[in-house]
Amino acid sequence: MLEISNLVKSYAGERARRGGSQGARVFAVNDVNLNVEKGEMFTLLGPSGCGKTTTLRSIAGLEKPDSGHIGVKGRTLFSAGAGRKTVNVAANRRGLGMVFQSYAIWPHMTVFHNVAFPLQVRPRGQRVGKNEIEQRVHRVLEVMELRRYAERPATKLSGGQQQRLALARALVIEPELLLLDEPLSNLDAKLRESLRYELKRLQRELGITSIYVTHDQIEALSLSSHIAVMRDGEVMQLGKPRDIYENPASKFVAEFIGSSNFVPGHVVGRSGDTYTVDTQAGRLNLTSAADMPAGTEVSAAIRPESLELTTARPTDGQNVWEGVVGTRAFLGDAVDHLVRIGKIELRARSLPNVSLEPGTEVFIKLPADKVSLVPID
Ligand code: ADP
Ligand code: MG
């Protein structure tokens, strides 16, 4: 559906912009490759400044990349660089739906007409009847919880409502490819959560292929069919939400999506995907898809909720370490215990009914399939 290869977009660096000639260029997007299938909710996730918006704007045709290729359903939208034919289709000829962080609504129209307008101005062949327009507009207004404001001037909406209106307006045309740049970021937490599910349902029902940009890991995990985790203009890891969460390939990904303990160690043995790793806290047996030969310095990454904390010694003694509770924190739906094991400290997350006094001697089990191996840096 959407294919992006070797996409590069750079800007003049700070010094060059101030008139100097030596400023290094900033690579906002640095050799990005993506392949999005029809019907996907594909998310670009990463911290502020990692190149998400620039990638999205390049797809939309609002930014001219330095080089690379962008194609939708076999049609080239952009192409440039060594050995490539130069193509750059204008934004308004790309046929994409867009909702950006800085949304724009039509101020002189009512809410209803804001949403109906894109349907009314369609080219002759694609126009739909008045009744169908009404139905479709009401349906998306309903989903966006805007139905009761249908007759209100669009300017008499709150910021959050205007953002939902922008979303409704993009959805109503049921575009083949919908580009969403942090569309929920101006909403309060409750509304953001409910809209997240509505968006997912709607996207599925309408079969719209979407590229979703966010810096919010929960949003990315809950909405996406696939996630590309970006950093400094590059895709660090690409996969299904669960795969990325359970098998982060780097410290960056393990920390950016969720939180993780890292235990330094080195590989002492390997047979296929079964590893033996010696760490400062003890030996670990684990399975990992990583490719690390014996002798490699590694970090064993394990999520706080994957650690099993008990006061009685577990019957299966593999990957069991002994430690002492340092501090604990009640989080409402969970309790975190910081457990000291020799020189290292691990954070273990338990159900809220487990609460152990500081000083309690405990056993910590690290399930073999829950530990990931990542490079040390
Ligand atoms: P994100 O959306 O992930 O926060 P952006 O794509 O907006 O990141 O920006 C990526 C990088 O490119 C940042 O370092 C940003 O400062 C830089 N950048 C973006 N737009 C411009 C511009 N018009 N001029 C110069 N630098 C830019
Ligand atoms: Mg952005």
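See the structure shown above.
Residues numbered from 1 in each chain as written. Chains lettered and ligands numbered in written order. Predicted model: local features only at pLDDT ≥ 70, side-chain atom pairs only at ≥ 80, totals over all residues. Heavy atoms only, no water.

### Looking at unusual backbone geometry
Phi angles above zero are rare outside glycine, and glutamate 182 is one such case at about 45°. Mapping glutamate 182 onto the fold places it in the loop between β8 (177-181) and α6 (189-206). Even without being a glycine, aspartate 232 presents a positive backbone phi close to 45°. (Helix = DSSP H or I, 4+ residues; strand = E, 2+ residues; numbered from the N terminus.)

### Points about the pattern of salt bridges
Summed over all chains, the structure comprises twelve salt bridges. For glutamate 176, the salt bridge identified is with lysine 73, shortest N-O distance 2.5 Å. Here the residue glutamate 176 occupies a position in the loop between α5 (159-172) and β8, and lysine 73 occupies one in the loop between β4 (67-72) and β5 (75-80), the gap between them amounting to 103 residues. Classification of lysine 73 by relative accessible area gives exposed; the value is 53%. (Salt bridge = Lys/Arg side-chain N within 4 Å of Asp/Glu carboxyl O. Buried < 20%, exposed > 50% of the residue type's maximum accessible area, 1.4 Å probe, protein only.)

### Focus on the site of ligand 1
The local shell around ligand 1 holds twelve residues, among which Gly49, Gly51, Lys52, Thr53 and Thr54 are the closest. Here an oxygen atom of ligand 1 sits 3.2 Å away from a polar atom, N or O, in the main chain of cysteine 50. Contact with the protein chains removes 63% of the 560 Å² of surface that ligand 1 exposes when unbound. A per-element tally of the shell around ligand 1 places helix α2 (residues 52-60) first, with three residues. When its residues are assigned to classes, the shell around ligand 1 shows five nonpolar, five polar and two charged. (Near = heavy atom within 4 Å. Polar contact = N/O pair within 3.5 Å; in protein donor to acceptor, adjacent residues only side chain to side chain. Areas by Shrake-Rupley, 256 points an atom, 1.4 Å probe, with all protein chains shown as cover. Nonpolar A, V, L, I, M, F, W, Y, C, P; charged D, E, K, R; others polar.)

### Concerning helix α3 (residues 111-120)
Most of α3 is tucked away: seven of the ten residues are buried. Restricting attention to buried positions, one finds in α3 the residues Val111, Phe112, Asn114, Val115, Ala116, Pro118 and Leu119. Those residues of α3 that are buried lie in contact with α4 (130-143) and α5. (Contact = heavy atoms within 4.5 Å.)

### Brief notes about the side chain of arginine 169
Among the structural elements, arginine 169 can be located in helix α5. Of note is the side chain of arginine 169, whose polar atom sits 3.4 Å from the side chain of asparagine 114. With near-sequence residues (within four places) excluded, arginine 169 lies in contact with Ala104, Ile105, Trp106, Asn114, Val115 and Pro118.

### A short note on the sheet that holds strand β17 (residues 320-330)
Strand order in the open sheet made by the five strands is β16-β20-β17-β18-β19, with antiparallel pairing throughout. The outermost strands of the open sheet, each flanked by one partner alone, are β16 (308-310) and β19 (344-350). Within this sheet the neighbouring strands show an average axis-to-axis angle of 40°, counted without direction. Bridge analysis of β17 against strand β20 (residues 361-365) gives five bridges, and the strand direction is antiparallel. Looking at the pairing, valine 320 lines up with lysine 365 of β20. (Pairing = 2+ DSSP bridges. Axes fitted to C-alpha atoms, helices over the stretch in contact; angles between N-to-C directions.)

### Comments concerning the packing of aromatic side chains
Between two aromatic rings, the relevant description is the distance of the centres plus the angle of the planes. Enumeration over the complete set of coordinates arrives at two aromatic pairs. Ring centres of phenylalanine 252 and phenylalanine 256 lie 5.8 Å apart, and the angle between their planes is 10°; on these two criteria the pair is classed as stacked. Remark: phenylalanine 256 and phenylalanine 252 occur in helix α9 (residues 251-256); sequence separation between them is four residues, near one turn of the helix. Exposure remark for phenylalanine 252: the relative accessible area of 16% places this residue in the buried category. Above the ring of tryptophan 106, the side-chain terminus of arginine 169 is found at 4.2 Å from the ring centroid. When the ring centre of tyrosine 245 is taken as origin, the NZ or CZ atom of arginine 303, which lies over that ring, is 3.9 Å away. (Phe/Tyr/Trp six-rings, centres within 6.5 Å; stacked < 30°, edge-to-face > 60°. Lys NZ or Arg CZ within 6 Å of the ring centre and 35° of its normal.)

### Description of empty space enclosed by the protein
Picture a little ball the size of a water molecule; that probe, rolled over the atoms, points out where space is still empty. Under the criterion given, the structure shown has two cavities of 30 Å³ or more. Volume-wise, the largest cavity comes out at about 50 Å³. Every residue lining the largest cavity is listed: Arg136, Arg139, Val140, Leu171, Val172, Glu174 and Leu206. Every element with two or more residues in the lining of the largest cavity is listed here: α4 and α5. Here the lining of the largest cavity takes three residues from α4, the largest share from any one element. Along the lines of polarity and charge, the residues of the lining of the largest cavity split into four nonpolar, no polar and three charged. What the second largest cavity holds in volume is close to 40 Å³. Considering the residues around the second largest cavity, the lining is formed by Met41, Leu171, Leu178, Leu180, Leu199, Leu202, Gln203, Ile208 and Ser210. (1 Å grid on protein atoms, 1.4 Å probe; cavity = no way out; pocket = protein on both sides within 12 Å on 5 of 7 lines; lining within 4 Å. Points joined across faces, edges and corners; volume = space filled by probe spheres on them.)

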